[in-house]
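# Remarks on the overall topology
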Amino acid sequence: MSKGFFITFEGIEGCGKTTQARLLAEYIQNGGRRVVLTREPGGTAIGKRIREILLDPESKGIDSRAELLLYFADRAQHVAEVIEPALADGAVVICDRFADATAAYQGFGRGVDLELVADLNNTATNGLTPDFTLLMDLPVVEGLRRARIRNGDINHAREGRFEEEPDEFHEKVRQGYLTIASCETDRFKIIDASGTPEEVQAAIRKTLPSPFNVRG
Ligand code: TMP
């Protein structure tokens, strides 16, 4: 049994989860808990190299099974190297995307068998599931508009492979996430991500389980 607490952020492109994960990490840290803020893909040195392959638009021809297995390779390394040790040490781990992303993108989005995704997720995570998951929900048109502006930025210039997918793909991912959330209502909270960053963060704080409502 881990002593820590494991929070994940999920959502379509441009939903603002990276900003919100950072703001939540600061908030919980200010309340006196040790926080490890991390992400997938790319939460380890090995994972950063996997991330480059996965998100580079030049990887356009990647086979869907190869794509799937690279996400699991990234996750297995991340769980073993970062997440499990941090939880065992009592930290709050906040992860920007985790296993649900593979079900939403590769399962619902690409059409990979959902049972296969669940089996491989179980192997990659060593059976670890998040304690609490925030699904940042936003219409696809708005998310892609935000994501494409961000990708014009030099730091994201080589990370646009998924944004090049048609709107229908992203709609499948969004509906997939909502379906996953509806099956696990205890773990998931769905957040309306269309407000300002401050409004969205306030909504997130209201949903937190009580030990983290550090400032009421
Ligand atoms: P992000 O760090 O900007 O969220 O980018 C990660 C991209 O990888 C995003 O387009 C979603 C995609 N992804 C999957 O397709 N499957 C996964 O399992 C994960 C973690 C991410």
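Residues numbered from 1 in each chain as written. Predicted model: local features only at pLDDT ≥ 70, side-chain atom pairs only at ≥ 80, totals over all residues. Heavy atoms only, no water.

On a plain count of helices and strands, the chain comes out with eight helices and five strands. Counting from the amino terminus, helix and strand elements in the chain follow one another as β-α-β-α-α-β-α-α-β-α-α-β-α. By the compact-globule yardstick of 17 Å for 216 residues, the chain fits well, its C-alpha radius of gyration being 16 Å. Seen through its C-alpha atoms, the chain measures out along the principal axes to roughly 45 × 35 × 35 Å. Counting the 216 residues in the chain, one finds 49% classified as buried. Taking all contacts inside the chain whose residues are at least 6 apart in sequence as the whole, residues at least 24 apart take part in 80%. When the accessible area of the chain is evaluated, it comes to approximately 10500 Å², of which 52% is carbon and sulfur surface. Of the side chains in the chain, 27 bear a positive and 34 a negative charge, and the two mean positions are spaced by 4 Å. (Helix = DSSP H or I, 4+ residues; strand = E, 2+ residues; numbered from the N terminus. Rg over C-alpha atoms; globule rule 2.2 N^0.38 Å. Buried < 20%, exposed > 50% of the residue type's maximum accessible area, 1.4 Å probe, protein only. Contact = heavy atoms within 4.5 Å. Areas by Shrake-Rupley, 256 points an atom, 1.4 Å probe, with all protein chains shown as cover. Lys, Arg positive; Asp, Glu negative; His and termini not counted. Charge placed at Lys NZ, Arg CZ, Asp CG, Glu CD.)

Moving on, we come to unusual backbone geometry. Between Glu-40 and the following residue, Pro-41, the backbone shows a cis peptide bond with an omega angle of -10 degrees. Of note, Pro-41 is situated in the loop between β2 (35-39) and α2 (45-55). At Arg-97, a position not held by glycine, the phi torsion is positive, near 80 degrees. Tracing the backbone through its elements, the reader meets Arg-97 in the loop between β3 (92-96) and α4 (99-109). At Asn-126, a residue that is not glycine, the phi angle is positive and equals roughly 60 degrees. Inspection of the secondary structure puts Asn-126 in the loop between α5 (114-125) and β4 (132-137). Residue Asn-126 is classed as exposed on the basis of its relative accessible area of 56%.

This brings us to helix α7 (residues 167-183). Here α7 is 17 residues long and its end C-alpha atoms lie 25 Å apart, about the 24 Å a rise of 1.5 Å per residue gives. All of the buried residues in α7 are Phe-169, His-170, Val-173, Arg-174, Gly-176, Tyr-177, Ile-180 and Ala-181. Angular distribution of buried residues about the axis of α7 spans 160 degrees; they occupy a single face of the element. Looking at α7, the residues exposed on the side facing more than 90 degrees away from the buried face are Glu-168, Ser-182 and Cys-183. Check the buried side of α7 and you find it contacts β1 (5-11), α4, β4, α6 (140-151) and β5 (188-192). (Expected span 1.5 Å × (residues − 1). Arc of directions from axis to C-beta.)

Next up on the list: the pairing of β1. Most of β1 sits inside the fold, with seven of its seven residues counted as buried. On β1, burial covers both faces: Phe-5, Ile-7, Phe-9 and Gly-11 on one face and Phe-6, Thr-8 and Glu-10 on the other are all buried. By the bridge criterion, five bridges tie β1 to β4 in an arrangement that is parallel. Directly across from Glu-10, in β4, lies its bridge partner Leu-135. (Pairing = 2+ DSSP bridges.)

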